[in-house]
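Topology and contacts: notes
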Amino acid sequence: MTICRIQPGDPASPVILHVPHASREISDTVRAGLLPSDAELETELDESTDTATDLIAQGAADYTTAGRGRPWLAINEVSRLVIDPERFPSDDEEPMNAAGRGAVYTRTCNDAPLRPEPAPDTQHLMDTYFHPYAATMSELVDDRLAATGAAVIIDVHSYPHRPSAFEDPTRPRPALCIGTDDFHTRDRLTAQVLAAFAGLDEKAVNTPYAGCYVPLGRYRSDSRVSAVMIELRRDQYLNTDHTPDPTKLDALSRMLATLVDQCTAAGAAH
Ligand SMILES: [Zn+2]
């Protein structure tokens, strides 16, 4: 089963908009392994879901300049509470394991039990969801490399205004947090992000979140793969009931489309 839905873009486009955390979907079987009540689970989903980031990415794809290449979309169709595709699969490498927020979460955002520790269905969840997802992303990146000679992964997230329990509450929480990697994020790409989102007040690099997603087979080994993470603070486009404001969401899609257009041109010239 693949839970990573690919929406094809232009064959000549190296750009992939990756949306890992937008879904609230949890199957009955997986739900049965979670400890919170239904009400508690809704609260957890409100805090941990990057609500409507799929709509922001879809809007950006629709706005990209015709002829310069529509990006490819890769969207996780289930909640990060099932598995988090962006974590490292092994215990030793993943620092968020300490907070119970590795590939299979065992703690909620507020440090309450989400699953028994260790979670008895971990292997099943990794085999059923995590590894097939990673394979789909890996194939998509390989495919873009073969077709265009480059791949540019733009990871589209959002994050809550107030810090969750596992976060350092002293870190700045700008309107846009840009996650970068020393190997995969060239200064030019960071500059393109800053320019595309110039309309937002505060922008900062690697605070409160750091890094960006690259499939493990290419991670820090293939410089043809560029990557950057976009973390939008949610109060900019979500109402207090967690529903998106269409006008604000549309403005963010346009900014992201500007970035995609620049990356498409840059990737083609790679
Ligand atoms: Zn996220």
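Structure first, text after, so check above.
Reference entry: report on the structure contained in this document. Please read these numbers as outputs of a predicted model, since none were measured by experiment. Here, residues in each chain are numbered from 1, in the same order as that chain's written sequence. This being a predicted model, a pLDDT of at least 70 is required before a residue's local features are given, and a value of 80 or more before pairs of side-chain atoms are given or counted; all residues contribute to the totals for chains, interfaces and linings. With hydrogens and water excluded, all non-hydrogen atoms of the structure serve as input to the side-chain values.

A look at the side chain of threonine 108
Mapping threonine 108 onto the fold places it in the loop between β3 (72-76) and α4 (122-148). Any pair of residues with heavy atoms lying within 4.5 Å of one another is described as a contacting pair. Those residues in contact with threonine 108, other than ones at most four positions away along the chain, are Pro36, Glu44, Arg101, Pro113 and Leu114. Counting from the N terminus, the helices are DSSP H or I runs at least four residues long and the strands are E runs at least two residues long.

Quick look at the coordination of the zinc ion
Ideal values differ by geometry: the angle at a metal is 109.5 degrees with four tetrahedral donors, but 90 or 180 degrees with six octahedral donors. Metal-coordinating donors are taken as N, O and S atoms lying within 2.8 Å of the metal, or within 3.2 Å when the metal is Na, K or Ca; because water is left out, some sites can appear incomplete. Taken together, the protein ligands of the zinc ion are His21 (ND1), Asp50 (OD) and His157 (ND1), with distances of 2.1 Å. Read in sequence order, the donor residues for the zinc ion give the motif H-x28-D-x106-H. In this pair, histidine 21 is assigned in the loop between β2 (15-19) and α1 (28-32) and aspartate 50 in the loop between α2 (38-48) and α3 (53-63), connecting sequence segments 29 residues apart. We classify histidine 21 as buried; its relative accessible area is 3%. Classification of aspartate 50 as buried rests on a relative accessible area of 2%. Working definition: with a 1.4 Å probe on protein chains only, accessible area under 20% of the residue-type maximum means buried, over 50% means exposed, and in between means partly exposed.

A word on unusual backbone geometry
The residue after glutamate 117, namely proline 118, is reached through a cis peptide bond having omega -5°. Looking at the secondary structure, you find proline 118 in the loop between β3 and α4. The backbone of arginine 220 sits at a positive phi, close to 55°, despite the residue not being glycine. One can find arginine 220 in the loop between β6 (203-205) and β7 (225-233). In this structure arginine 220 comes out as partly exposed when scored by relative accessible area, which is 47%.

What about the sheet that holds β7?
At least two DSSP bridges between two strands are needed for those strands to be called paired. On the basis of which strands lie adjacent, the open sheet formed by 7 strands has the order β1-β3-β2-β4-β7-β5-β6 and mixed pairing. A single partner strand is all that each edge strand has here, and the edge strands are β1 (4-7) and β6. When the angles between neighbouring strand axes are averaged without regard to direction, this sheet yields 20°. Where α3 meets the sheet, its contacts fall on β1, β2, β3, β4 (151-159) and β7, and the angle it forms with β2 comes to roughly 160°. Contacts between α4 and the sheet are confined to β1, β2, β3, β4 and β7, with β2 contributing the most and set at about 165° to the helix. Simply put, an axis is a line fit to the C-alpha atoms, just over the touching stretch for a helix, and the angle between two N-to-C directions goes from 0 to 180 degrees.

Focus: the pattern of salt bridges
Salt bridge criterion: a side-chain nitrogen from Lys or Arg within 4 Å of a carboxyl oxygen from Asp or Glu. Under the definition given, this model contains 20 salt bridges. Between arginine 80 and aspartate 50 there is a salt bridge, and its shortest N-O distance comes to 3.7 Å. Placement of arginine 80 in the loop between β3 and α4 and of aspartate 50 in the loop between α2 and α3 is noted, with a sequence separation of 30 residues between them. Grouping residues by exposure puts arginine 80 and aspartate 50 together as buried. Two residues, arginine 70 and aspartate 62, come together in a salt bridge whose shortest N-O distance is 2.9 Å. For arginine 70, a relative accessible area of 28% puts it in the partly exposed group. Three or more residues joined by partner-sharing salt bridges are found here, namely Asp50, Arg80, Asp84, Arg87 and Arg234.

That is the geometry; function is a separate question.
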